[in-house]
Each structure stands twice: as structure tokens, then as C-alpha cells.
Amino acid sequence: MVAKKSSRKSSKGASKEVGEAMHERKRGSLRSGRSAKRVSSRKQAIAIGMNEARRKGKKVPKKKAK
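### As for the overall build of the chain
- When its secondary structure is counted, the chain shows 2 helices and 2 strands.
- Relative to the 2.2 N^0.38 estimate, which gives 11 Å for 66 residues, the radius of gyration of the chain is 14 Å and therefore markedly larger than a compact globule would have.
- The dimensions of the chain, computed from C-alpha atoms along their principal axes, are 55 × 25 × 20 Å.
- Taking all 66 residues of the chain together, the buried fraction comes to 20%.
- When contacts within the chain are restricted to residue pairs at least 6 apart in sequence, those whose partners lie at least 24 apart make up 44%.
- Within the structure as shown, the chain displays about 5900 Å² of accessible surface, and the carbon and sulfur contribution to it stands at 51%.
- A distance of 9 Å separates the average location of the 24 positive side-chain charges in the chain from that of its 4 negative side-chain charges.

### Focus on the nonpolar core
- Counting 6 residues, the largest nonpolar core consists of Val-18, Met-22, Leu-30, Val-39, Ala-45 and Ile-48.
- Those residues in contact with Met-22 that sit more than four places away from it in its chain are Arg-42, Ala-45 and Ile-46.

### Regarding the side chain of Glu-17
- Among the structural elements, Glu-17 can be located in helix α1 (residues 12–27).
- When neighbours within four sequence positions are excluded, Glu-17 is seen to be in contact with Gly-49, Glu-52, Ala-53 and Lys-56.

### Details of the pattern of salt bridges
- Tallied over the entire structure, the rule returns 1 salt bridge.
- The salt bridge involving Glu-17 is made with Lys-56; its shortest N-O contact spans 3.3 Å. In this pair, Glu-17 is assigned in helix α1 and Lys-56 in the segment after α2 (42–55), connecting sequence segments 39 residues apart.
- Its relative accessible area of 8% is what places Glu-17 among the buried residues.

### Structural notes on the layout of surface pockets
- Taken as a whole, the largest pocket holds about 190 Å³ of empty space.
- Forming the walls of the largest pocket are Lys-43, Ile-46, Ala-47, Met-50, Arg-54, Pro-61, Lys-62, Lys-63 and Lys-64.
- Broken down by class, the residue content of the lining of the largest pocket amounts to 4 nonpolar, no polar and 5 charged.

The rules we used
Residues numbered from 1 in each chain as written. Predicted model: local features only at pLDDT ≥ 70, side-chain atom pairs only at ≥ 80, totals over all residues. Heavy atoms only, no water. Helix = DSSP H or I, 4+ residues; strand = E, 2+ residues; numbered from the N terminus. Rg over C-alpha atoms; globule rule 2.2 N^0.38 Å. Buried < 20%, exposed > 50% of the residue type's maximum accessible area, 1.4 Å probe, protein only. Contact = heavy atoms within 4.5 Å. Areas by Shrake-Rupley, 256 points an atom, 1.4 Å probe, with all protein chains shown as cover. Lys, Arg positive; Asp, Glu negative; His and termini not counted. Charge placed at Lys NZ, Arg CZ, Asp CG, Glu CD. Core = buried A, V, L, I, M, F, W, Y, C linked by side-chain atoms within 4.5 Å. Salt bridge = Lys/Arg side-chain N within 4 Å of Asp/Glu carboxyl O. 1 Å grid on protein atoms, 1.4 Å probe; cavity = no way out; pocket = protein on both sides within 12 Å on 5 of 7 lines; lining within 4 Å. Points joined across faces, edges and corners; volume = space filled by probe spheres on them. Nonpolar A, V, L, I, M, F, W, Y, C, P; charged D, E, K, R; others polar.

This is the structure in C-alpha cells:
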């Protein structure tokens, strides 16, 4: 039995984008939305990074419905 190779959920470029957002959050320079409030949540930083990656056309999983 041969193990199937799994494809990546998101591209390397997308994970780089998320990494940059995480780094900005760590420095305290990541801001969110029109109000430009500082982001402190790790989850929110990941969401912002994924959103930026989507805008640039990188391979990222679809947004989950609320």
C-alpha cells in the first residue's frame, strides 16, 4: 500500500504572508480595519495574513462562514 502525498492547504507564499503579519503583531505595528486599532490576538493576526494572501491571489483555503 502506497501512502498518498497530501497537497498543501496553502502555498508557501501565503504562509510567508501570514508569517509577516505575525512578525508585525509581535513588534506591535499590525493594525486592523478602518479604525486602525492595534492587533494583539494571535488568531486575528493569522486571519489578516491569510486575507492579504488571498488579495494577492495566493493559494489559501476559503473563508469559513459564520
